[in-house]
Amino acid sequence: MTDSLPIGELATTWLQQDRDPDTQREIEALIAADDGTELERRLRKRIAFGTAGLRSAMKAGYAHMNSLTVLQASHGLADYILAQRQLQGTSGRPSVVIGYDARHNSQKFARLAAGAFLAKGFGVLWFGILVHTPMVPFAVSHFGAAAGVMVTASHNPPADNGYKVYWGNGCQIIPPHDKGIALAIADVENIIEWSETIVEQSTLVQRIYIKTHAAYFDALGKLVSKSRKDAPRTTADAPFTYTPLHGVGLPFMCRALHELSFDAKLMHIVETQAMPDPDFPTVPFPNPEEKGALDLACQEAERNGSKIVISNDPDADRFAAAERLEDGRWHQFTGNQMGTLLASCFLDTRTYVPDGATVMLASTVSSRMLAKMGYVWGFTFKETLTGFKWLGNEAQQTTREGLNPVFAFEEAIGYMFPSVVWDKDGIAAAIVFLAARRLWLAYEGLTPYQKLQQLYEEHGYFEDANTYLISPSPEVTQATFAAIRTSSKGAIPAYVGTRRIARWRDLTLGSDTATADGRPVLPTDPDSQMITCELEDGVVFTARGSGTEPKIKLYIEATARSSAEAKRLANEVLRDLLQEWFEGLRLAGT
């Protein structure tokens, strides 16, 4: 891609490269309309390849998800893997796992990607059927593949799709691989193979669904057995309502219930959301976190008398749950609350021996309650940067140190069980939650909400005031953070409101007032804005710029002796931040 080409020549280059008639017509229509502005938006800059791979709206142009950019990404990824293997002296034919969800064009993009890898001499480990995202990293580890590709945009709007990449260790890619792959993609000039059918014909293709399915659920069954699936069902089993939110989760959830020895009749399904539908017609956003996403499930639960609702997002790597309380209100568990509950499962098995070898992890924007539990129970707590690319790779690092990672979570309703897969897994989270619910009811007479209150009484109440602000552009985000860093007479601020900043950690510039050398323990990134502060009264907050959306995200958590007090503290800090740091930016929902 060159910035020097006139837009007309760039459009001609696209038409020469693209062989998809639909996207060809889009560019031809823009040329005919003399819409240079839209052509610039679509063609001038290439869709960014980051640690999450690719994700964008499906449109013609180098800036979006389409057949050509998927093929360029596949050729570039293949070239990078081959170069890395040559550097390491690795012999033999590399293989790549390829999966896809039910979004528009997911199967098409996966087939094209398979053809690209086959053209580069790779073996392709092919599911050939809808799978939930965690099945791909699981298969990478299970078969010893060089990489994995999952075509999904998770819970993004219907117009989007994505290309998610896993490295040979079964984790999402981290630096420097992301930049290396991006450079390799940029060097792709010609598409060797453009075929959706070669995956059905090549002898280098191995169909892996049946073997992977069996191995995955074997691993999941072993995980559940550690959570006391033998609790007395006669006293503990209770109905619940499930929705896959028009995604791929239902068949995997049904099999998971079998592994739990759960009566399948106890699961009530939201029929209008049960089958895969890439248009997600019953929800504004197919994200269980979004307001209203679980409304139909709660209504169904009230009809059938179940007091628990559980949900996956469309590619079933995230998990959410809600409980109907005694007063009839529904309490939807936040990601932090569910992370705490799932972590407690490993401590409630009555087989847990407190030692530092057991490891649990959470990202830096997630609740500090897990760290407090580690202090009390004696397990090792690890903090990582945001995202399961960091949680998975750090968990693997602990195994190399002789430790035993058992659980990791992030506040955005993602939960990882390393004995199954090195990434978040909504099906595993759902089944562990149901097993734990059985355990709590059988041995303690507690519902999940009551168990959470018990944990709060033991460890303190942790409440958050998480939100985000709309930032018009990356330049505005950068300028906002630059102003924050010099807001106190050219220096970093000493206070937020009346609260003194006890610790300032800047992972963009690489400073930390709490370390001996003044440098953070966590990795830094000059291209990513992130500041964390610990205030003198124990409130902790992180402000960071989103890498994929026009947002500045705020994560604020307070702890106190009551829920009301913790919420008050967190909301006071949010108010002060909006007034002092982010004045002029629009708060979400306003």
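The name recorded for the chain in an unreviewed UniProt entry is Phosphoribomutase, from Friedmanniomyces endolithicus. Of the chain, the UniProt comment under Sequence similarities (unreviewed entry) reads exactly: "Belongs to the phosphohexose mutase family." Quoted verbatim from the Cofactor (unreviewed entry) field of the UniProt record, the comment on the chain reads "Mg(2+)".

Asks: When you look at helix α10 (residues 249-259) in this model, what are you seeing that I'm missing?
Replies: The α-helix advances 3.6 residues per turn, and as a result positions three or four apart in sequence lie on the same side. For α10, the full list of buried residues reads Gly249, Leu250, Phe252, Met253, Ala256, Leu257 and Glu259. On its buried face, α10 sits against α6 (135-143), α8 (209-225), β7 (240-243), β8 (267-269), β9 (308-312) and α15 (426-444).

Asks: I'm lost on the pattern of salt bridges in this one. Help?
Replies: When their charged atoms lie close together, side chains carrying opposite charge are able to pair. Evaluation of the coordinates by the stated rule reveals 30 salt bridges. With a shortest N-O distance of 3.0 Å, Arg303 and Glu300 are connected by a salt bridge. A residue pair is termed a helical-turn pair when its members lie 3 or 4 positions apart in one helix, as Arg303 and Glu300 do in helix α11 (residues 295-304) at 3 residues. Residue classification places Arg303 among the exposed residues on the basis of a relative accessible area of 60%. In this structure, the salt-bridge partner of Arg368 is Glu383, at a minimum N-O distance of 3.7 Å. Note that Arg368 is positioned in the loop between β12 (358-363) and α13 (369-377) and Glu383 in strand β13 (residues 380-384), a separation of 15 residues in sequence. A relative accessible area of 21% places Arg368 in the partly exposed class. Note on Glu383: relative accessible area 27%, which makes it partly exposed. Three or more residues are tied together by salt bridges with common partners; here these are Arg499, Asp537, Glu565, Arg568, Glu572, Arg575 and Asp576.

Asks: What exactly am I supposed to notice about the pairing of strand β21 (residues 530-535) here?
Replies: If a strand is regular, its side chains alternate between the two faces of the sheet. Burial of β21 is extensive: 5 of the 6 residues sit out of reach of the surface. Looking at chain direction, strand β19 (residues 499-506) and β21 are connected through 5 bridges and run antiparallel. Of the residues in β21, the one forming a bridge with Ile501 is Leu535. Judged from the 5 bridges that link them, β21 and strand β22 (residues 540-545) form a sheet pairing that is antiparallel. Residue Met530 lies in a different strand from β22, and its bridge partner there is Arg544. From the end of β21 to the start of β22, which pair antiparallel, there are 4 residues, and Gly538 there has a positive phi angle of about 95°.

Asks: Sorry if this is basic, but what is going on with the packing of aromatic side chains here?
Replies: Here the distance between the centres and the angle between the planes together describe a pair of aromatic rings. Within the structure shown, the criterion is met by 17 aromatic pairs. Consider the rings of Trp14 and Tyr62, whose centres lie 5.0 Å apart with planes at 80°: the pair is edge-to-face. Pair noted here: Trp14 is in helix α1 (residues 7-17) and Tyr62 is in the loop between β1 (54-57) and α4 (67-88), with a separation of 48 residues, a long-range link. Comparing Trp14 with Tyr62 shows no difference in burial state: the two are buried. Between the aromatic rings of Tyr80 and Trp167, the centroid separation amounts to 5.8 Å while the plane-to-plane angle is 55°, which identifies the pairing as tilted. You can see Tyr80 sitting in helix α4 and its partner Trp167 sitting in strand β5 (residues 160-167), a full 87 residues away along the chain. For the pair Tyr80 and Trp167, a shared accessibility class is recorded, and that class is buried. Put simply, the rings of Phe346, Phe407, Phe409 and Phe417 pair up and form one aromatic cluster. Stacked on the ring of Tyr468, the Lys or Arg Lys551 has its end atom at 4.0 Å from the ring centre.

Asks: What am I meant to see in the UniProt feature "domain: Alpha-D-phosphohexomutase alpha/beta/alpha" (unreviewed entry) in the chain here?
Replies: Sites flagged by UniProt as "domain: Alpha-D-phosphohexomutase alpha/beta/alpha" (unreviewed entry) map to residues 47-187, 215-323 and 335-438. Between the first and last C-alpha atoms of residues 47-187 the distance is 14 Å; the span itself is 39% helix and 19% strand.

Asks: Help me out: how do you make sense of the sheet that holds strand β11 (residues 330-332) in this one?
Replies: Either a parallel or an antiparallel arrangement is found when strands of a sheet pair, and the pairing is made through backbone hydrogen bonds. The sheet built from 5 strands is open, its strands ordered β8-β7-β9-β10-β11 with mixed pairing. With partners counted over all chains shown, the strands left at the sheet margins are β8 and β11, one partner each. Averaged over all neighbouring strand pairs, the angle between strand axes comes to 25°, with direction disregarded. Pairing between β7 and β9: 3 bridges, direction parallel. Across the sheet, Thr243 pairs through a bridge with Ser311, a residue of β9. The strands touched by α15 within the sheet are β7, β9 and β10 (319-324), with β9 carrying the most contacts at an inclination of about 165°.

Asks: Please clarify how helix α18 (residues 563-580) should be interpreted in this entry.
Replies: For α18, spanning 18 residues, the distance from its first C-alpha to its last is 26 Å, which sits close to the expected 26 Å at 1.5 Å a residue. Listing the buried residues of α18 in full gives Ala566, Leu569, Ala570, Glu572, Val573, Leu574, Asp576 and Leu577.

Asks: I would appreciate a short explanation of the pairing of β9 in the present structure.
Replies: Across the 5 residues of β9, 5 count as buried, placing the element largely inside the fold. Side chains Ile308, Ile310 and Asn312 project from β9 onto one buried face, and the interleaved Val309 and Ser311 project onto a second face that is buried too. In this sheet, β10 lies alongside β9 in antiparallel orientation, the contact comprising 5 bridges. The partner of Asn312 across the bridge, within β10, is Phe319.

About the cut-offs
Residues numbered from 1 in each chain as written. Predicted model: local features only at pLDDT ≥ 70, side-chain atom pairs only at ≥ 80, totals over all residues. Heavy atoms only, no water. UniProt positions renumbered as here; feature names shortened; annotations may be inferred. Buried < 20%, exposed > 50% of the residue type's maximum accessible area, 1.4 Å probe, protein only. Helix = DSSP H or I, 4+ residues; strand = E, 2+ residues; numbered from the N terminus. Contact = heavy atoms within 4.5 Å. Salt bridge = Lys/Arg side-chain N within 4 Å of Asp/Glu carboxyl O. Pairing = 2+ DSSP bridges. Phe/Tyr/Trp six-rings, centres within 6.5 Å; stacked < 30°, edge-to-face > 60°. Lys NZ or Arg CZ within 6 Å of the ring centre and 35° of its normal. Axes fitted to C-alpha atoms, helices over the stretch in contact; angles between N-to-C directions. Expected span 1.5 Å × (residues − 1).

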